[in-house]
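This is what each chain is made of:
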Amino acid sequence: MIDKSKIPNEALEVLDTLKENRYDSFLVGGCVRDLILNRIPKDWDVTTSALPEQVISLFSHVIPTRIQHGTVTVLMNNIPFEVTTFRTDGNYSDNRRPDSVQFGVSIFDDVSRRDFTINSMLFDGEQIVDYYAGLNDLEKRMIRTVGHPWVRYQEDALRMMRCIRFSCQLGFTIEEKTLEAIKDECESIKNVSWERIRDELVKILMSDRPVQGIRLLQKSGLLKYILPELEACVGFDQQNYHHRNDVFEHILKVLDATDSRLNLRLSALLHDIAKPKTFSIGEDGVGHFYSHHIIGAEMSMEILKRFKFDNETINNVYILVKEHMARYPKLRSGSTKKLINRLGKHNIDDFIDLQLADIIGSKPPYEFDNVIDLKREIKHILEAKEPLSVKDLAVNGYDLIEIGIEPGKRMGQILNGLLEIVLKSPELNTREYLLDIVRREYN
Ligand code: ATP
Ligand code: MG
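Bear in mind that the values here come from a model prediction, so they are computed numbers and not experimental data.

A. Molecular detail of the sheet that holds strand S3 (residues 62-66). Strand order across the open sheet formed by seven strands is S3-S4-S5-S2-S1-S8-S9, with mixed pairing between neighbours. Where the open sheet ends on each side, the last strands, each with one partner, are S3 and strand S9 (128-129). The sheet contact formed by strand S1 (residues 25-28) and strand S8 (residues 122-123) spans two bridges and is antiparallel. Within the sheet, the bridge partner assigned to Leu27 lies in S8 and is Phe123.

Written as structure tokens, this is what we have:
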């Protein structure tokens, strides 16, 4: 059932060292599940009867990761193993974390605190130990909580997100009550930190089934708490001949047409988020969403800040949402260079793929030509290494100071003026020529 050659020797050595010292020890949770499914485990968790101090004394490289919860990280040949003492969790009064944890309990108690049956299996180096029929659920391809789902979600509301996440990552269905209980308990997701919610949302978006994940979040009631802006798109009729779907369905189609890259998937999810807010009906009876890309970029920034994403991700997604309409009207060379500047070279692949996905998500006939042309033109401009921004100019601020221009706003205007010239005629980007212009026109 488990191919031992897929387990690093170091993992078996950790188990053996503990056993030689008369402690029980098992691989546990996601790594056992993934080994049985023939997937590559993301990380290695070990559970043991040894107390953290005992673990520390047995291995030479140990980091006391969350020692108050019984977890230390054993490093062996640079592979980290999270080793946790058998424990049960005390009361949960805040839907997030136990008020206390107790050690010195049985392996059965330890397994009982785990979230889903498929995450509750143990491997002792030889055999699988399966108290909650996890193997049976793996075979049925089903997510089911260990114990009563209502109770388990009340203890830790993040488990609702994890449930949906595992179903997307593994392509499993969710057992009826396990899903039903999310509908009843969804509001308690409010008590979970945005960072933890974000991490699960990212895993859902990066999985092979992001659309299934967003649908499940919506149907189960979680979406309205974590992304009310997206919930507002559900059933929102666009009344526009470019679209046959409501805004939510359109967004899901676009998401479905993206590769698994985080900025791309986030911007697909958020690109039309401002449509409900910006909706108006023209005299012709057609729906319009003027400036939805600009307001959408602002909203995306707020949303991603709320989820405590890093600044780089926030900025990149902001730019992608803001520029997602750039294919209209058809761009000319000078404006394509400005577009490249606004995007930054690192966002170009995501930008092009978002445009293509947006077209796939709209109504046929699909007109990809503008985007393909734009992609070709961008490639051409980048390959020719033509100047694109002020920093590519053959002169800089110091050169201008030397010929008598004071640093400040006016200097910025002059440099931008030079850039305009060079964007149109790259061959004029020489120091002599540019300084000459400044001397003639600005001195
Ligand atoms: P991944 O593939 O993302 O690592 P995983 O199942 O290993 O998935 P981890 O977050 O690494 O998930 O947690 C390891 C194990 O700890 C889980 O398999 C589960 O047994 C237990 N666990 C983790 N988080 C919770 C939780 N919120 N509630 C109950 N048990 C949990
Ligand atoms: Mg894991």
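B. Spotlight on the site of ligand 1. Not every one of the 16 residues close to ligand 1 is listed here, only the nearest: Arg33, Asn119, Asp156, Arg159 and Arg165. Between Gly30 and ligand 1, the recorded distance is 3.1 Å, taken from a backbone N or O atom to an oxygen atom. Note that an oxygen atom of ligand 1 is positioned 3.1 Å from one of the side-chain N or O atoms of Arg162. Expressed as a share of its isolated accessible area of 580 Å², the protein-covered part of ligand 1 is 83%. When contributions to the shell around ligand 1 are tallied by element, the ones reaching two or more residues are helix H2 (30-36) and helix H7 (158-170). Broken down by element, the shell around ligand 1 gets its largest block of residues, four residues, from H7. Looking at side-chain class alone, the shell around ligand 1 contains one nonpolar, three polar and 12 charged residues.

C. Summary view of the environment of Leu415. Take Leu415: it is sitting in helix H22 (residues 409-424). The spacing of Leu415 and Asn396 is 19 residues in sequence and 7.8 Å in space, taken between C-alpha atoms. Apart from residues no more than four positions distant in its own chain, Leu415 is found in contact with Val390, Leu393, Val395 and Leu400.

D. Quick look at helix H19 (residues 348-360). End to end, H19 covers 19 Å across 13 residues, agreeing with the expected 18 Å (1.5 Å per residue, within 8%). Along H19, the residues that are buried comprise Ile348, Asp350, Phe351, Ile352, Leu354, Gln355, Ala357, Asp358 and Ile359.

E. Highlighting the pattern of salt bridges. Under the definition given, this model contains 32 salt bridges. Across the pair Lys42 and Asp43 runs a salt bridge whose closest N-O atoms are separated by 3.4 Å. Across the salt bridge formed by Arg215 and Glu249, the nearest N and O atoms sit 2.8 Å from each other. Of this pair, Arg215 sits in helix H10 (residues 210-219) while Glu249 sits in helix H13 (residues 247-256), and the two are 34 residues apart along the sequence. A residue is classified by how much of its surface remains accessible, and Arg215, at 29% relative accessible area, is partly exposed. Classification of Glu249 as partly exposed rests on a relative accessible area of 24%. When salt bridges that share partners are traced, they join Asp259, Arg261, Asp350 and Asp353 into one network.

F. Summary view of the nonpolar core. Membership of the largest hydrophobic core comes to 101 residues, with the highest contact counts inside it found for Leu27, Met161, Ile214, Leu217 and Leu230. Here this core takes eight residues from H7, the largest share from any one element. In this view, Leu217 contacts Met161, Ile164, Leu201, Ile204, Leu222, Leu223 and Ile226; residues no more than four positions away in its chain are not counted. Ranked by size, the runner-up nonpolar core spans 16 residues in total, among them Leu400, Ile414, Leu418 and Leu434.

G. A look at the packing of helix H14 (residues 262-270) against H19. Where H14 contacts H19, the axes come no closer than 9 Å and their chain directions differ by 40 degrees. Our classification of the angle between H14 and H19 gives oblique. Helix-helix and strand crossings are classified by hand; for H14 and H19 the assignment is right-handed. Facing Asn263, Leu264, Ser267 and Ala268 of H14, the residues of H19 in contact are Asp350, Asp353 and Leu354. Looking at the contact of H14 with H19, its residues break down into three nonpolar, two polar and two charged.

H. Structural detail: the packing of aromatic side chains. Taken as a whole, this structure holds nine aromatic pairs when the rule is applied. Note on Phe108 and Tyr132: the rings are 5.7 Å apart at their centroids and 15 degrees apart in plane angle, and the pair reads as stacked. Placement of Phe108 in helix H4 (residues 107-112) and of Tyr132 in the loop between S9 and helix H5 (134-140) is noted, with a sequence separation of 24 residues between them. For Phe108, a relative accessible area of 37% corresponds to the partly exposed category. Relative accessible area serves as the criterion here: at 24%, Tyr132 is assigned to the partly exposed category. These aromatic residues form a ring-pair network of at least three members: Phe108, Tyr131 and Tyr132. We note Arg165 situated over the ring of Phe166; from NZ or CZ to the ring centre the distance is 4.2 Å.

I. Local environment of the environment of Arg113. Relative to the assigned elements, Arg113 resides in the loop between H4 and S8. When the C-alpha positions of Arg113 and Thr88 are compared, they lie 6.3 Å apart, and in sequence the two are 25 residues distant. Not counting chain neighbours up to four residues away, the residues in contact with Arg113 comprise Thr84, Arg87, Thr88, Asp89, Arg152 and Arg159.

J. Structural detail: the packing of H13 against H14. One way to put it is that H13 packs onto H14 with a least axis distance of 8 Å and a crossing angle of 165 degrees. When the axes of H13 and H14 are compared, the pair comes out roughly antiparallel. The handedness of the crossing between H13 and H14 is right-handed. Where H13 approaches H14, its residues Ile251, Val254 and Leu255 are matched on the opposing element by Arg265, Ala268 and Leu269. Looking at the contact of H13 with H14 residue by residue, the class counts come to five nonpolar, no polar and one charged.

Basis of the calculations
- Residues numbered from 1 in each chain as written.
- Chains lettered and ligands numbered in written order.
- Predicted model: local features only at pLDDT ≥ 70, side-chain atom pairs only at ≥ 80, totals over all residues.
- Heavy atoms only, no water.
- Pairing = 2+ DSSP bridges.
- Helix = DSSP H or I, 4+ residues; strand = E, 2+ residues; numbered from the N terminus.
- Near = heavy atom within 4 Å.
- Polar contact = N/O pair within 3.5 Å; in protein donor to acceptor, adjacent residues only side chain to side chain.
- Areas by Shrake-Rupley, 256 points an atom, 1.4 Å probe, with all protein chains shown as cover.
- Nonpolar A, V, L, I, M, F, W, Y, C, P; charged D, E, K, R; others polar.
- Contact = heavy atoms within 4.5 Å.
- Expected span 1.5 Å × (residues − 1).
- Buried < 20%, exposed > 50% of the residue type's maximum accessible area, 1.4 Å probe, protein only.
- Salt bridge = Lys/Arg side-chain N within 4 Å of Asp/Glu carboxyl O.
- Core = buried A, V, L, I, M, F, W, Y, C linked by side-chain atoms within 4.5 Å.
- Axes fitted to C-alpha atoms, helices over the stretch in contact; angles between N-to-C directions.
- Parallel < 35°, antiparallel > 145°, perpendicular 65-115°, else oblique.
- Left-handed = near helix turned anticlockwise from the far one by under 90°.
- Phe/Tyr/Trp six-rings, centres within 6.5 Å; stacked < 30°, edge-to-face > 60°.
- Lys NZ or Arg CZ within 6 Å of the ring centre and 35° of its normal.

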